[in-house]
Amino acid sequence: MALRMWASSTANALKLSSSASRSHLLPAFSISRCFSSVLEGLKYANSHEWVKHEGSVATIGISDHAQDHLGEVVFVELPEEKSSVTKEKNFGAVESVKATSEIISPISGEVIEVNTKLADSPGLINSSPYEDGWMIKVKPSNPAELESLMGPKEYTKFCEEEDAAH
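- For the protein, an unreviewed UniProt entry supplies the name Glycine cleavage system H protein and the organism Brassica campestris.
- Quoted verbatim from the Sequence similarities (unreviewed entry) field of the UniProt record, the comment on the protein reads "Belongs to the GcvH family."
- The UniProt entry for the protein carries the following text under Subunit (unreviewed entry): "The glycine cleavage system is composed of four proteins: P, T, L and H."

**Observations concerning the overall build of the protein**
Phase 1: Per the secondary structure count, the protein includes 5 helices and 11 strands.
Phase 2: Considering only residue pairs separated by 6 or more positions, the protein has 61% of its internal contacts joining residues 24 or more positions apart.

**Focus: the nonpolar core**
Here is a general trend for soluble globular proteins: nonpolar side chains tend to be buried in one another's company.
Phase 1: By size, the foremost hydrophobic cluster in this structure holds 25 residues, and its most contacted members are L78, I107, M135 and I136.
Phase 2: Residue assignment for this core shows that the elements contributing at least two residues are strand 5 (57–62), helix 2 (64–70), strand 6 (73–77), strand 8 (90–96), strand 10 (109–114), helix 4 (124–127) and strand 11 (136–140).
Phase 3: A total of 3 residues in this core trace back to one element, the largest contributor, which is strand 5.
Phase 4: Not counting chain neighbours up to four residues away, the residues in contact with L78 comprise F91, I103, V114, N115, L118 and M135.
Phase 5: In this structure, L42, Y44, Y130 and M150 belong to the second largest nonpolar core, which totals 10 residues.

**A short note on unusual backbone geometry**
Phase 1: Backbone geometry places H48, a non-glycine residue, at a positive phi of 75 degrees.
Phase 2: The residue H48 is located in the loop between strand 3 (43–44) and strand 4 (49–54) in this model.
Phase 3: We classify H48 as buried; its relative accessible area is 11%.
Phase 4: Despite not being glycine, K82 shows a phi value in the positive range, around 75 degrees.
Phase 5: Tracing the backbone shows K82 in the loop between strand 6 and strand 7 (84–85).

**Brief notes about the UniProt feature "modified residue: N6-lipoyllysine" (unreviewed entry) in the protein**
Phase 1: Mapped onto this structure's residue numbering, the UniProt feature "modified residue: N6-lipoyllysine" (unreviewed entry) falls at K98.
Phase 2: Here K98 shows up in the loop between strand 8 and strand 9 (100–104).
Phase 3: Aside from chain neighbours lying at most four places away, what touches K98 is D68, H69, L70 and G71.
Phase 4: Of the polar contacts made by the side chain of K98, one reaches the backbone oxygen of H69; its length is 3.4 Å.

**Re the pairing of strand 4**
Phase 1: Two strands pair when backbone bridges link them, and strand 3 and strand 4 are joined in this way by 2 bridges, in the antiparallel orientation. Bridge assignment links K43 to a residue of strand 4, and that residue is V51.
Phase 2: Between strand 3 and the antiparallel strand that follows it, strand 4, lie 4 residues; H48 among them carries a positive phi value of about 75 degrees.
Phase 3: Of the strand pairs in this sheet, strand 4 and strand 5 are connected by 6 bridges, and their pairing is antiparallel. Counted as the bridge partner of K52 is T59 from strand 5.
Phase 4: Between the antiparallel neighbours strand 4 and strand 5 lie 2 residues, among them G55 with a positive phi of about 65 degrees.

**Side note on the confidence of the model for the protein**
Phase 1: In the predicted model, the protein carries a mean pLDDT of 83, and 79% of its residues have values of at least 70.
Phase 2: Scored below 50 in pLDDT, residues 1–35 shows 27 contacts in the model against residues more than four places distant or in partner chains.

**Details of the pattern of salt bridges**
A side chain of one charge can pair with a side chain of the opposite charge when the charged atoms of the two come close.
Phase 1: Counted by the stated rule, this structure contains 2 salt bridges.
Phase 2: With a closest N to O distance of 3.7 Å, K52 and E54 form a salt bridge.
Phase 3: Judged by relative accessible area, E54 falls into the partly exposed class, the value being 47%.

Quick notes on the rules
- Residues numbered from 1 in each chain as written.
- Predicted model: local features only at pLDDT ≥ 70, side-chain atom pairs only at ≥ 80, totals over all residues.
- Heavy atoms only, no water.
- UniProt positions renumbered as here; feature names shortened; annotations may be inferred.
- Helix = DSSP H or I, 4+ residues; strand = E, 2+ residues; numbered from the N terminus.
- Contact = heavy atoms within 4.5 Å.
- Core = buried A, V, L, I, M, F, W, Y, C linked by side-chain atoms within 4.5 Å.
- Buried < 20%, exposed > 50% of the residue type's maximum accessible area, 1.4 Å probe, protein only.
- Polar contact = N/O pair within 3.5 Å; in protein donor to acceptor, adjacent residues only side chain to side chain.
- Pairing = 2+ DSSP bridges.
- pLDDT = per-residue confidence, 0-100.
- Salt bridge = Lys/Arg side-chain N within 4 Å of Asp/Glu carboxyl O.

Here's what the structure looks like:
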């Protein structure tokens, strides 16, 4: 009983919800043992970026696991619209109170939109990595690159193994 109350209060504090009113906004999620959320319907890179591919647009951000390890994000550097990104190449940086980390593109393509809210509110990456904290939207130049990315189960296992090694 105490564990259920703790889990419920933790889910509320993390703003995790399974309510029907928001179900249209988010895919279903699972929580790994490290309590970072990993969402169904997304693809993940081993550098901890996620991709949500819808039609001709792929939205990219960093995973909950990555933001958790970074700590409080204080600055984000992103590319300009109409620039191109290349799979496994740096396209920006995230600066936190702990460190500065490069953001690696999980796919190649043209940047069609940049999340300008992050310039004034970089903490959105911490509070909402999969919703308000997205970074760029890309028109993929090679959609087949998505097939090389991990699904949620594979990514959860990858994170658990990576954390166990450290």
